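Here's the letter readout for the chains.
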Amino acid sequence: MDLRIPYFWTSTINNWKHLLQEDSYKDIIIQSLQWLVNNKMIAVYGFTIMPNHVHLIWEQLQMNGKEYPKNSFQKFTAHKFQKSLRSRNPCLIELFKHQIIDRNFLFWQRDPLASKIIGRDLAIQKLDYIHHNPLQIHWKLVTDPVKYKYSSAYYYETGIDEFNILTHYMDRF
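For clarity, every value in this text was computed on a predicted model and none was experimentally measured. Note that residues are indexed from 1 along each chain, following the sequence as it is written. Residues qualify for local features only when their pLDDT is at least 70, as the model is predicted, and side-chain atom pairs are given and counted only at 80 or more; totals for whole chains, interfaces and linings, by contrast, use all residues. Neither water nor hydrogens contribute to the side-chain values; these are computed over all heavy atoms in the structure.

Caption draft 1: Summary view of the sheet that holds strand β3 (residues 53–60). Two strands form a pair only when DSSP identifies at least two bridges running between them. Think of it this way: any DSSP run of H or I at least four residues long counts as a helix, any run of E at least two long counts as a strand, and we number them from the N terminus. Read from one edge to the other, the open sheet built from four strands follows the order β2-β3-β1-β6, with strand pairing classed as antiparallel. At either margin of the open sheet sits one strand with a lone partner, and together these are β2 (42–49) and β6 (113–116). This sheet shows a mean twist of 15° between the axes of neighbouring strands, independent of strand direction. Relative to β3, strand β1 (residues 6–12) runs antiparallel, the two being bridged by seven bridges. Residue Thr10 lies in a different strand from β3, and its bridge partner there is His55. Of the strands in this sheet, β2 and β3 touch helix α1 (residues 23–38), which is tilted by about 170° from β2. Lines fitted to C-alpha atoms define the axes here, with helix axes fitted over just the stretch in contact, and angles between the N-to-C directions of these axes take values from 0 to 180 degrees. Working rule for contacts: check all heavy atoms of both residues, and any pair within 4.5 Å makes them a contact.

The following block contains the structure:
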């Protein structure tokens, strides 16, 4: 992913585990996004946090030292997931144990999907997709996208950004 180019980005929990089922784990994702937005490293145009994956329409604005914001996001959330699991559910942490050179646990699958958003029409199409993701038959998390708390649908319906992380897509496209 390049800086200053908006992307539709999907990152999935390793082995499609439903780690993000609990709101406390979704809140970790929100905390990371808030920090990156507040430090002007990213702009978030849309999002939804599902039980086992995250969809974002975002733009990396600047590096976090030598690290891309997407890497900071995944590193921070993985560290917080590990800390939370150790204290709240130590049995579950074993599902994420992984023996690779630079880490003992792997929470995010490698190589998230990243596709450039070129133009307003594609941004609208991707926003519609992510806002309706919680309604899909295999999820059935809500019956109205605006009622799903961990999504930007409420913001686009009401103008209220509950998490203070969003930039309206029309300000970019």
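From this point, things continue past the structure.
Caption draft 2: Local environment of the packing of α1 against helix α2 (residues 69–88). Running from N to C, α1 and α2 cross one another at 145°; their axes reach a closest spacing of 9 Å. Crossing angle aside, the handedness with which α1 passes α2 is right-handed. Note on element contacts: α2 touches α1 through Pro69, Ser72, Phe73, Phe76, Thr77, Lys80, Phe81, Ser84, Leu85 and Arg88, opposite Ser24, Tyr25, Ile28, Ile29, Gln31, Ser32, Leu33 and Leu36. Partitioned by chemical class, the residues of the contact of α1 with α2 number 10 nonpolar, six polar and two charged. Crossing handedness: left-handed means the near helix sits turned counterclockwise from the far one by under a right angle, and right-handed means the same turn made clockwise. Here the nonpolar group is Ala, Val, Leu, Ile, Met, Phe, Trp, Tyr, Cys and Pro; Asp, Glu, Lys and Arg are the charged ones; every other residue, Gly included, is treated as polar.

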